[in-house]
Amino acid sequence: GDKRLAAWAQQLQMHLAKQPDDVASWRLLAQTQATRGDMAQSAAAWQRALALAPQHADSHAGLAQALAAQQQGRLSGEPARWIESGLQVAADHPALLALAGELAVEQGRIDQAQLHFGRLLQVEQARGADAARLQAIRVRMTEVAASKP
């Protein structure tokens, strides 16, 4: 449970104190802290990982999610910057496409949201995603279309 996660996070922190350039461990610490619900620590670890490996799209997505969680799920502002920079690194990254779609919805840019979700559907189909994942994307696309004035 949470005690094991806390112990694991502490072990990772001790390791990183000795080997601060271990980017994989920074990513693991960021994910562990997010699972524990400590989004501030998660964001800090994602930032360290990105400082070491700025071209890692998963880290851009993780940082955007951790920052958004600290502002009641809103993606505008700092999270948006990381979504956009991540898409420059990997234009077809599924998590970043989904975040970009949700950001566009949040900003009332429904046409842009539909483009992101449409691309996400294409990417996931090409990757052989399961039917449930594809259906979830289609449902979200329908919801977004219905919200258009």
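Everything that follows concerns the structure shown earlier in this document.
Residues numbered from 1 in each chain as written. Predicted model: local features only at pLDDT ≥ 70, side-chain atom pairs only at ≥ 80, totals over all residues. Heavy atoms only, no water.

Student: Would you explain the overall build of the chain in this entry?
Tutor: Check the secondary structure of the chain and you find eight helices and zero strands. Along the chain, from the amino end to the carboxyl end, the secondary structure elements read α-α-α-α-α-α-α-α. Considered along the principal axes of its C-alpha atoms, the chain spans approximately 55 × 30 × 30 Å. The burial tally for the chain puts 37% of its 149 residues in the buried class. Considering only intrachain contacts with a sequence separation of at least 6, the fraction spanning at least 24 residues in the chain is 44%. The positive charge centre, built from 15 side chains, and the negative charge centre, built from 14, are 3 Å apart in the chain. (Helix = DSSP H or I, 4+ residues; strand = E, 2+ residues; numbered from the N terminus. Buried < 20%, exposed > 50% of the residue type's maximum accessible area, 1.4 Å probe, protein only. Contact = heavy atoms within 4.5 Å. Lys, Arg positive; Asp, Glu negative; His and termini not counted. Charge placed at Lys NZ, Arg CZ, Asp CG, Glu CD.)

Student: I would appreciate a short explanation of the environment of G108 in the present structure.
Tutor: Inspection of the secondary structure assignment puts G108 in the loop between α6 (94–106) and α7 (110–126). Relative accessible area serves as the criterion here: at 53%, G108 is assigned to the exposed category.

Student: Sorry, what's going on with the pattern of salt bridges here?
Tutor: Should the charged atoms of two oppositely charged side chains come close, the side chains can pair. In the structure shown here, the tally under the stated rule is eight salt bridges. Among the salt bridges present, the one from E78 reaches R81, with a minimum N-O distance of 3.0 Å. Here the residue E78 and the residue R81 both occupy positions in helix α5 (residues 78–89), the gap between them amounting to three residues, near one helical turn. Residue R81 is classed as partly exposed on the basis of its relative accessible area of 46%. Here the salt bridges do not stand alone but share partners, grouping E102, R140 and E143 into one network. (Salt bridge = Lys/Arg side-chain N within 4 Å of Asp/Glu carboxyl O.)

Student: Help me understand the nonpolar core, please; the structure alone is not making it clear to me.
Tutor: Within soluble globular proteins, side chains that are nonpolar tend to cluster in buried spots. L29, L63 and I83 are the most contacted members of the largest nonpolar core, which totals 38 residues. Put simply, the parts of the chain that give this core at least two residues each are α1 (2–18), α2 (23–36), α3 (39–52), α4 (57–69), α5, α6, α7 and α8 (131–146). Of all the elements, α4 adds the most residues to this core, at seven residues. Not counting residues within four places of it along the chain, the set of residues in contact with L63 comprises A43, W46, Q47, L50 and W82. (Core = buried A, V, L, I, M, F, W, Y, C linked by side-chain atoms within 4.5 Å.)

Student: Would you mind going over α6 with me for this structure?
Tutor: Owing to its 3.6 residues per turn, the α-helix brings residues three or four apart onto one side. For α6, built from 13 residues, the straight-helix expectation of 18 Å at 1.5 Å per residue is met to within 8% by its first-to-last C-alpha distance of 18 Å. Taken as a whole, α6 has its buried residues at P94, L96, L97, L99, A100, G101, L103 and A104. Next to the buried residues of α6 lie α4, α5 and α7. (Expected span 1.5 Å × (residues − 1).)

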